[in-house]
Amino acid sequence: MKRSSRVLFNSCSIWKLFAVLPYAAALALNILIPPVIEVDELPFRALLAVLTVYFGARCLFSLRGGPRAEAFGRGARFYGAVGVLFMVWDVLSSKTGVLPLPFFPGPAQIMEVIFRERGVHAMNCLYSLRLFAAGFAAGTLCGSVSGILIGWSDRWHYWLFPVMKVAGVIPAIALVPLVLIVMPDTFSTAVTLVALSAWFPVAFTTARGIHSIDRTYFEAARILGANDFYMLRKIAIPGAVPAIFTGISTATGIAFSTLVVSEMIGARGGLGYYINLAMGWMNYASVYAAIVIMAILFISVLTAINGIKNRLLIWQKGLVK
Amino acid sequence: MDRGKTETASPADALPVVVEVKNVTREFRDGRGNGVAALDNVSLSVRQGEFVSLIGPSGCGKTSLLRLIAGLDAPQAGEILADGEPVTGTSYERGYVFQQANLFPWETVEENIAFGLKARGVYTEHRADVAEYLVMAGLKGFERAYPHQISGGMAQRAALVRSLINRPRVLLLDEPMGALDSFTRMDLQEKLLELWQSFGTTMILVTHDIDEAVYLSGRVVIMTPRPGRISEIIGIGSPFPRNRGSAVFVELRNRVLKKFHLAGAEPPAEYAI
Ligand SMILES: Nc1ncnc2c1ncn2[C@@H]1O[C@H](COP(=O)(O)OP(=O)(O)OP(=O)(O)O)[C@@H](O)[C@H]1O
Ligand SMILES: [Mg+2]
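Remember, predicted model here, so these are calculated numbers, not experimental data. (Residues numbered from 1 in each chain as written. Chains lettered and ligands numbered in written order. Predicted model: local features only at pLDDT ≥ 70, side-chain atom pairs only at ≥ 80, totals over all residues. Heavy atoms only, no water.)

**Things to note about the overall build of chain A**
Here is step 1: For chain A, the helix and strand inventory stands at 12 helices and 0 strands.
Here is step 2: Helices (α) and strands (β) of chain A occur, in sequence order from the N terminus, as α-α-α-α-α-α-α-α-α-α-α-α.
Here is step 3: Here the C-alpha atoms of chain A give a radius of gyration of 25 Å, more than 25% beyond the 20 Å that 2.2 N^0.38 yields for 321 residues.
Here is step 4: Considering only C-alpha atoms, chain A reaches an extent of 75 × 65 × 25 Å along its principal axes.
Here is step 5: For chain A, the proportion of its 321 residues judged to be buried stands at 44%.
Here is step 6: Long-range pairs, those at least 24 residues apart, make up 72% of the contacts in chain A with a sequence separation of at least 6.
Here is step 7: About 17700 Å² of surface is accessible on chain A, with carbon and sulfur atoms providing 71% of the total.
Here is step 8: Distance from the positive charge centre (26 side chains) to the negative charge centre (13 side chains) of chain A: 13 Å. (Helix = DSSP H or I, 4+ residues; strand = E, 2+ residues; numbered from the N terminus. Rg over C-alpha atoms; globule rule 2.2 N^0.38 Å. Buried < 20%, exposed > 50% of the residue type's maximum accessible area, 1.4 Å probe, protein only. Contact = heavy atoms within 4.5 Å. Areas by Shrake-Rupley, 256 points an atom, 1.4 Å probe, with all protein chains shown as cover. Lys, Arg positive; Asp, Glu negative; His and termini not counted. Charge placed at Lys NZ, Arg CZ, Asp CG, Glu CD.)

So, in structure tokens, the structure goes:
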């Protein structure tokens, strides 16, 4: 018994080392092999060095044990694999030229663009974020309000639910011509499109969420002396919050796509706009750079939304650790 | 706490009737559209301060009757009076405790207990009551806990005081202890007696448990199913505190059990030894 657990521990430690070594190896290879194209490799090396130190530190700290060490142990193989991927990709591109340019630039070229154009990227991120925040906030607000109305009142349900069912399946992007006519400029067009794409999933799940609240909560509240409006505020709305967040999660993805596409059709800034511009110049390294930044940005937004959700839903079983 | 108070039938007769059920019939449609008489011509009157238990096999209409008294449902025939007035809807004067504690999961224990006061707009005057009722329920220290963080027994105690904080004239209890283990159940029975004796609230308790009915109530109402009817009402005269092991208690319990048999109803499985 003791023996086998020891073996397990050892194999676990090997995996933990595996999370670090590929990054160190990639760094060494990158320094040793000269590139076949002209590229500033410093940003990529810096990235590899940072990752080596980061995973190395986590590996060291994980010797102490605890839940963080376990999480690291579980993730180690994956982190290592990403390191291997970096190494292979770098060798196949900048170091040997196996991957055809300009369509498949290497990680060093992408890092070079990200670093060199950091000011432009930061601006575009802010531009995209501003658009997303405006559109998404408007969309989720309208979505939850209309969802609550539809879920709460039979009359609203009668008139609005069929409309919503039909309108909900239309991709917001299909409405571009219409929205362009109605809205005065491209920014408000994009905001409207993002808002529309967030609206329906939120409204739909909110309405369904209110319907699925246990009827006895309403009965208990009524017996305790609550009137209709009080029940709306204290039972229907808080009871619908989990559903609202389910809708928000669905809406986030849809709203991101709408955001990028609407930026591609005539915005004057933003990551979608940048991708379009870079495509025009056949500058694929910039395209990939923008995609990487986009992924990081969207993951941050999702994490923030998740944080708000966990805050609001501490009353739910199993959500709090 | 007046635990020595005796409960005899005769002086209570002078007290006013709080709940009067008059020839009530309630039918439901089953899946095939046939009528099922959940209650058939049921009459019952309950006087102020009484503790009445409704007992009977599953499906005999106990919950249906309680919901009618609460005003959550309306009868097809007959009439229900509360303090002499016909019941047309719910009222905070007729509190209701559900089988599942049914606390609002998004509110803390404290907020749940204060719900009735806030809903009625009297929270500012009675703010101090909340702490007092928390203590009464033995939930001091759990004010900020959410319902999923407390035990089933604690949740039922919270649900009990959540109803009592409105000072209802009648408290309707639908198997509030059904989902609890026997120790927690006995604990809650004591709590219920204690609250009944200190508030004098009229109690109508639905239960599956003959012991519980005999231990707590002044009258035990035995119901039979298909159609739901009252077959027998047994007065329990013995004084409080009652002793579950005493000869008198066992005798009473057996009397109820026998009536149960005579009523043609299968007693609950735990008595079929
Ligand atoms: N909403 C309803 N729709 C249709 N039938 C119902 C409804 N409520 C109750 N019934 C029927 O009425 C009868 C009595 O039900 P009720 O819930 O009052 O019984 P009960 O005595 O409380 O039973 P239990 O001890 O299992 O809780 C049952 O046959 C049940 O199927
Ligand atoms: Mg029932």
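Having seen it, we continue.
**Side note on the site of ligand 1**
Residue and element names in this part refer to chain B.
Here is step 1: Neighbouring residues of ligand 1: 13 residues in total, closest Ser-58, Gly-59, Lys-62, Thr-63 and Ser-64.
Here is step 2: Here an oxygen atom of ligand 1 and a side-chain polar atom of Thr-63 are 2.6 Å apart.
Here is step 3: Contact distances for ligand 1 include 2.5 Å between an oxygen atom and a side-chain N or O atom of Ser-64.
Here is step 4: Protein contacts shield 61% of the accessible area of ligand 1, which totals 630 Å² for the unbound molecule.
Here is step 5: Elements represented by at least two residues in the shell around ligand 1 include exactly strand 1 (17-29), strand 2 (35-47) and helix 2 (62-70).
Here is step 6: Among the elements that line the shell around ligand 1, the one with the most residues is helix 2, at 3 residues.
Here is step 7: Along the lines of polarity and charge, the residues of the shell around ligand 1 split into 4 nonpolar, 6 polar and 3 charged. (Near = heavy atom within 4 Å. Polar contact = N/O pair within 3.5 Å; in protein donor to acceptor, adjacent residues only side chain to side chain. Nonpolar A, V, L, I, M, F, W, Y, C, P; charged D, E, K, R; others polar.)

**A look at the interface of chain A and chain B**
Here is step 1: Of the residues lining the interface, 22 residues belong to chain A; the matching set on chain B comes to 26 residues.
Here is step 2: Summed over both sides, the interface between chain A and chain B buries roughly 2100 Å², with carbon and sulfur atoms accounting for 70% of that surface.
Here is step 3: Ranking the residues of chain A by area buried against chain B places A:Ile223, A:Leu224 and A:Trp315 at the top, with a combined share of 38%.
Here is step 4: Joining chain A to chain B, the criterion identifies 1 salt bridge.
Here is step 5: Taken together, the elements giving at least two residues each to the side of chain A that touches chain B come down to helix 9 (215-223) and helix 10 (228-264) of chain A.
Here is step 6: Top element by residues in the side of chain A that touches chain B is helix 9 of chain A. It accounts for 8 residues.
Here is step 7: Partitioning the side of chain A that touches chain B into residue classes produces 13 nonpolar, 4 polar and 5 charged. (Buried area = accessible area lost by both parts, 1.4 Å probe. Salt bridge = Lys/Arg side-chain N within 4 Å of Asp/Glu carboxyl O.)

**A closer look at the domain arrangement of chain B**
All names here are of chain B.
Here is step 1: Domain boundaries in chain B define domain 1 (3-93 + 168-262) and domain 2 (105-167).
Here is step 2: Here the C-alpha centre of domain 2 lies 25 Å away from the C-alpha centre of domain 1.
Here is step 3: With 15 residues of domain 1 in contact, the opposing surface of domain 2 contributes 12 residues.
Here is step 4: Buried surface at the junction of domain 1 and domain 2, summed over both partners, amounts to about 1300 Å²; 76% is from carbon and sulfur atoms. (Domains from an automatic or database assignment.)

**Quick look at the confidence of the model for chain B**
All names here are of chain B.
Here is step 1: Averaged over all residues, the pLDDT of chain B equals 86, while 91% of them reach at least 70.
Here is step 2: Per-element mean pLDDT across chain B ranges from 51 in helix 1 (residues 9-12) up to 95 in helix 3 (residues 109-119).
Here is step 3: A low-confidence stretch, residues 1-10 stays under pLDDT 50, and its non-local contacts, those more than four residues away or across chains, total 16 contacts.
Here is step 4: Predicted as a complex, the structure gets a pTM of 0.83 and an ipTM equal to 0.87. (pLDDT = per-residue confidence, 0-100.)

**Section: a nonpolar patch on the surface**
Here is step 1: A contiguous nonpolar patch, built from A:Val88, A:Leu92 and A:Val98 and spanning about 240 Å² of accessible area, is present on the exposed surface.
Here is step 2: Relative to the elements of secondary structure, A:Val88 occurs in helix 3 (residues 67-95). (Patch = residues over 30% accessible without salt bridge, like charges linked within 9 Å, V, L, I, M, F, W, Y side chains within 5 Å.)

**Digging into the pattern of salt bridges**
Here is step 1: Counted by the stated rule, this structure contains 18 salt bridges over all chains.
Here is step 2: Of the charged contacts in the structure, one is a salt bridge between A:Asp228 and A:Arg222, with a shortest N-O distance of 3.1 Å.
Here is step 3: Judged by relative accessible area, A:Asp228 falls into the partly exposed class, the value being 44%.
Here is step 4: Here B:Arg144 makes a salt bridge to B:Glu110, at a shortest N to O gap of 3.4 Å. Here the residue B:Arg144 occupies a position in the loop between helix 4 (123-136) and helix 5 (152-164), and B:Glu110 occupies one in helix 3, the gap between them amounting to 34 residues.
Here is step 5: Here the residues in one salt-bridge network are A:Glu41, A:Arg45 and A:Lys95, joined through shared partners.

**Digging into the packing of aromatic side chains**
Here is step 1: All told, the structure shown has 23 aromatic pairs over all chains when counted by the stated rule.
Here is step 2: The interplanar angle of 20° and the centroid separation of 5.6 Å between the aromatic rings of A:Phe161 and A:Phe204 together place this pair among those described as stacked. Pair noted here: A:Phe161 is in helix 6 (residues 154-169) and A:Phe204 is in helix 8 (residues 186-211), with a separation of 43 residues, a long-range link.
Here is step 3: Residue classification places A:Phe161 among the buried residues on the basis of a relative accessible area of 17%.
Here is step 4: Their ring planes at 80° and their centres at 5.4 Å tell us that B:Phe51 and B:Trp196 sit as a pair that is edge-to-face. Taken as a pair, B:Phe51 in strand 3 (residues 51-55) and B:Trp196 in helix 6 (residues 182-199) lie far apart in primary sequence, 145 residues in all. In terms of burial, B:Phe51 and B:Trp196 fall into one category: buried.
Here is step 5: Through a chain of ring-to-ring contacts, three or more aromatic side chains come together here, namely A:Tyr217, A:Tyr230, A:Trp315, B:Phe104, B:Trp106 and B:Phe115.
Here is step 6: The side chain of A:Arg130 reaches across the aromatic face of A:Phe187, ending 4.5 Å from its centre.
Here is step 7: The ring centre of B:Tyr92 lies 3.9 Å from the NZ or CZ of B:Arg120, which sits over that ring. (Phe/Tyr/Trp six-rings, centres within 6.5 Å; stacked < 30°, edge-to-face > 60°. Lys NZ or Arg CZ within 6 Å of the ring centre and 35° of its normal.)

**As for the sheet that holds strand 2 of chain B**
All names here are of chain B.
Here is step 1: Taken in spatial order, the 4 strands of this open sheet run 2-1-4-5, and their pairing is antiparallel. Taken across any chain shown, the strands that pair with only one partner, and hence form the sheet edges, are strand 2 and strand 5 (85-86).
Here is step 2: Two elements, strand 1 and strand 4 (residues 77-82), share 5 bridges in a ladder whose sense is antiparallel. Counterpart to Val-19 in the pairing with strand 4 is Ala-82.
Here is step 3: Each of strand 1, strand 2 and strand 4 is contacted by helix 2, which is oriented at about 125° to strand 1, the strand it contacts most. (Pairing = 2+ DSSP bridges. Axes fitted to C-alpha atoms, helices over the stretch in contact; angles between N-to-C directions.)

**Regarding the domain arrangement of chain A**
Here is step 1: By the assigned domains, chain A splits into domain 1 (2-100) and domain 2 (118-312).
Here is step 2: The centre of domain 1 of chain A, based on its C-alpha atoms, is set 37 Å off from the matching centre of domain 2 of chain A.

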